[in-house]
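# Structure at a glance
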Amino acid sequence: MMVSCRAMICPACDGTGWKPSERDGVRRVERCDCWRDQVTARLFADARIPRRYQHCDFSNFRDYGESLKRAKARATKLAESFPAVDKGLFLEGPPGVGKTHLAVAVLRQVVVSSGAHALFYDTRDLLRVIRSTYDPVVRTTELEVLRPVMKADFLVLDDLGAEKTSEWVEETLNLIVNTRYNERRTTVFTSNYPDIPDETDTNSLLCRIGFRMRSRLHEMCDFLELRGADFRFAPANATDKELLALADMARDRGARGVGAVRPTPARAQLRDQQADLKWPGGRAGT
Ligand SMILES: Nc1ncnc2c1ncn2[C@@H]1O[C@H](COP(=O)(O)OP(=O)(O)OP(=O)(O)O)[C@@H](O)[C@H]1O
Ligand SMILES: [Mg+2]
Ligand SMILES: [Zn+2]
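Report follows, based on the coordinates. The structure presented is a predicted model; accordingly, all values stated were derived computationally and were not measured. (Residues numbered from 1 in each chain as written. Chains lettered and ligands numbered in written order. Predicted model: local features only at pLDDT ≥ 70, side-chain atom pairs only at ≥ 80, totals over all residues. Heavy atoms only, no water.)

### Points about the layout of surface pockets
The condition that has to hold: Here the term cavity refers to a set of points on a 1 Å grid, laid over the protein atoms alone, in which a 1.4 Å probe fits but cannot get out; the term pocket refers to an open set having protein on both sides within 12 Å along at least five of seven lines, with lining residues being those that place an atom within 4 Å of a point. Grid points are joined across faces, edges and corners, and a volume is the space filled by probe spheres set on the points. For the purposes of this entry, the term helix denotes a DSSP run of H or I that reaches at least four residues, the term strand denotes a run of E that reaches at least two, and both are numbered from the N terminus. Side-chain classes are defined by residue name, with Ala, Val, Leu, Ile, Met, Phe, Trp, Tyr, Cys and Pro counting as nonpolar, Asp, Glu, Lys and Arg as charged, and the others, Gly among them, as polar.
Looking at the largest pocket, its volume works out to about 620 Å³. Taken together, 24 residues make up the lining of the largest pocket; nearest its centre are Y53, G96, G98, T100 and R232. Of all the secondary-structure elements, those providing two or more residues to the lining of the largest pocket are α4 (99-114) and α11 (265-277). No other element matches the three residues that α4 contributes to the lining of the largest pocket. Grouping the amino acids of the lining of the largest pocket by side-chain chemistry returns seven nonpolar, eight polar and nine charged.

### Overview of the coordination of the zinc ion (ligand 3)
Stated precisely, the cut-off is as follows: The rule for donors is simple: N, O or S, within 2.8 Å of the metal, or within 3.2 Å if the metal is Na, K or Ca. Water isn't counted, so a site may look like it is missing partners. Labels for metal geometry use angle windows, namely 85 to 135 degrees for all angles of a four-donor tetrahedral site, and for square planar (four donors) or octahedral (six donors) sites opposite donors over 155 degrees apart plus all others within 65 to 115; sites meeting none of these are irregular. The classification of residues rests on relative accessible area computed with a 1.4 Å probe and restricted to protein chains. Under 20% of the type maximum is buried, over 50% is exposed, and intermediate values are partly exposed.
Within the protein, C10 (SG), C13 (SG), C32 (SG) and C34 (SG) serve as the donor atoms for the zinc ion (ligand 3), at 2.2 to 2.3 Å. Classification of the site at the zinc ion (ligand 3) as tetrahedral follows from its four donor atoms and the range of 103 to 115 degrees in their angles at the metal. Of note, the donors binding the zinc ion (ligand 3) are all from one chain and are spaced C-x2-C-x18-C-x1-C. Of the two residues, C13 sits in the loop between α1 (5-8) and β1 (18-23) while C32 sits in the loop between β2 (26-31) and α2 (33-46), which places them 19 residues apart along the sequence. Summarising the burial analysis for this pair, C13 and C32 share the class buried.

### Observations regarding α2
Under the convention used in this document: What a helix should span is 1.5 Å times the count of its residues minus one.
Helix length check: α2 (14 residues) gives 20 Å between terminal C-alpha atoms against 20 Å at 1.5 Å per residue, within 8%. Following α2 by one or two positions, R48 has its phi on the positive side, about 65 degrees.

### Topic: the nonpolar core
Put simply, the rule is: The definition of a nonpolar core used throughout is a set of buried Ala, Val, Leu, Ile, Met, Phe, Trp, Tyr and Cys residues joined through side-chain atoms within 4.5 Å. Between two residues, a contact is recorded if the distance between any of their heavy atoms is within 4.5 Å.
The biggest cluster of nonpolar side chains holds 40 residues, and the ones touching the most others in it are L91, L102, V106, L107, F154 and L226. Going through the elements one at a time, α2, α3 (66-81), β3 (88-92), α4, β4 (118-122), β5 (154-158) and α10 (240-256) are the ones with two or more residues in this core. The biggest single contributor to this core is α4, with eight residues. If we ignore the near neighbours within four places in the chain, the residues touching V106 are F58, A75, L78, A79 and F154. Within the second largest apolar cluster, 28 residues are counted, among which are L127, V145, L155 and C221.

### Digging into the site of ligand 1
Here is the rule we go by: Throughout, near means a residue has at least one heavy atom within 4 Å of the molecule or strand. Residues adjacent in sequence count toward polar contacts only when both atoms are side-chain atoms; beyond that, a polar contact is any pair of N or O atoms within 3.5 Å, and within protein one must be able to donate a hydrogen and the other to accept it. Areas reported here follow the Shrake-Rupley algorithm with a probe of radius 1.4 Å; residue values treat only the protein chains shown as occluding. Grid points define the cavity or pocket, and a molecule sits in it when more than half of its atoms lie within 2 Å of them.
Neighbouring residues of ligand 1: 17 residues in total, closest Y53, R62, K99, T100 and H101. Here an oxygen atom of ligand 1 sits 2.8 Å away from a polar atom, N or O, in the main chain of G96. Taking R232, its side chain carries an N or O atom lying 2.9 Å from an oxygen atom of ligand 1. Considered on its own, ligand 1 offers 630 Å² of accessible surface; in the complex 89% of this is hidden by protein. Applying the majority rule of atoms within 2 Å of the grid points places ligand 1 in the largest pocket. Tallied by class, the residues present in the shell around ligand 1 amount to seven nonpolar, seven polar and three charged.

Functional significance is not addressed by these values, which are geometric in nature.
As C-alpha cells, then:
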C-alpha cells in the first residue's frame, strides 16, 4: 500500500522532533515521543542484534525451572538498575537453554530505558573482524574496530570460549575485557563452558580462556548457571511440564555420556578445526 509522505509526518510535532508544552504557565518546547522512538530505533540498528534474536525480550523468556527463574530475576534486576550496576553477568549452560535470548533481553531493556549505546558480538565473529585488520609484524589492530567494543555502554559477548585460545586470542580478549573493566562498563557474557577450576579438563572455561581472563571475569560478573531443555528441540507451545521433562531427559543423557549436552572435547576440536579452515594461511599472530 502506498503511504503518502505527508501521512508519515508526526502530527504532534509536525516532523520537527519538538512539541509545544506548558509548565507553570510558561510555554516551552519539549522532545516529542517520535524523536525518542527514532533514537531508540537507531540504537537498536547499531547494536548488531542478529535477526534470529531480534524478538527476544524478558516477556517471551520461559522460566520453567529454578535456575532459569534465578537467571531471569538477576538479569531483570541488572536491566532495571542500569547504568547504576557494579557487575555484569556470565551466563553459562548447555546449548539451547536461552543464554543468548536472556542476554539480548537485557540489551533491549537497557537501550529502551536508558538510551544506552549497546553492542552484541558473537566472540568468534568479533575475533574474525579484529583479525582482519591485525598486523602481525607490528602486533597492532586498527582502533576503529576495537574502539566501539571497548567503549559501548553495554556489551554482550556471546559464546565465550568457542574460539580455541592462543596467545593472540588471549591478548586481544584481555585487552577488551580489561579496558571495559577499568572503565566500569557493563558486559554480559554467555558460554557453554562450565567454570570448573581444572585446566586439564578441555571442557572447562579455564582451559578455553586462560587464568587471567577467568580471574577478571569473576571480578566483573555474577556467574549464573542455566539448566533446562534445548529449546531448539522443544515442540512449539510446549508446556512447562513438557519442557521440564525434556530437561530431565537431557540431564540423564549427559550423565550417561549419551549425546552429551555440553560440547565434548571432540566437538570442540571439530569446531576449532572448522574455524581454522576459514583462515587460509593460518591464524595471524598465533
Ligand atoms: N527459556 C526460554 N524461553 C523462550 N525461548 C527460549 C528459551 N530458551 C531458548 N529459547 C529459544 O530457543 C532458541 C535458542 O536459544 P538460545 O540461542 O538463547 O540458546 P543458548 O543457550 O544461547 O544456546 P547456545 O549455547 O547453543 O548458544 C532461541 O530462539 C530462543 O529464543
Ligand atoms: Mg547462545
Ligand atoms: Zn513528533
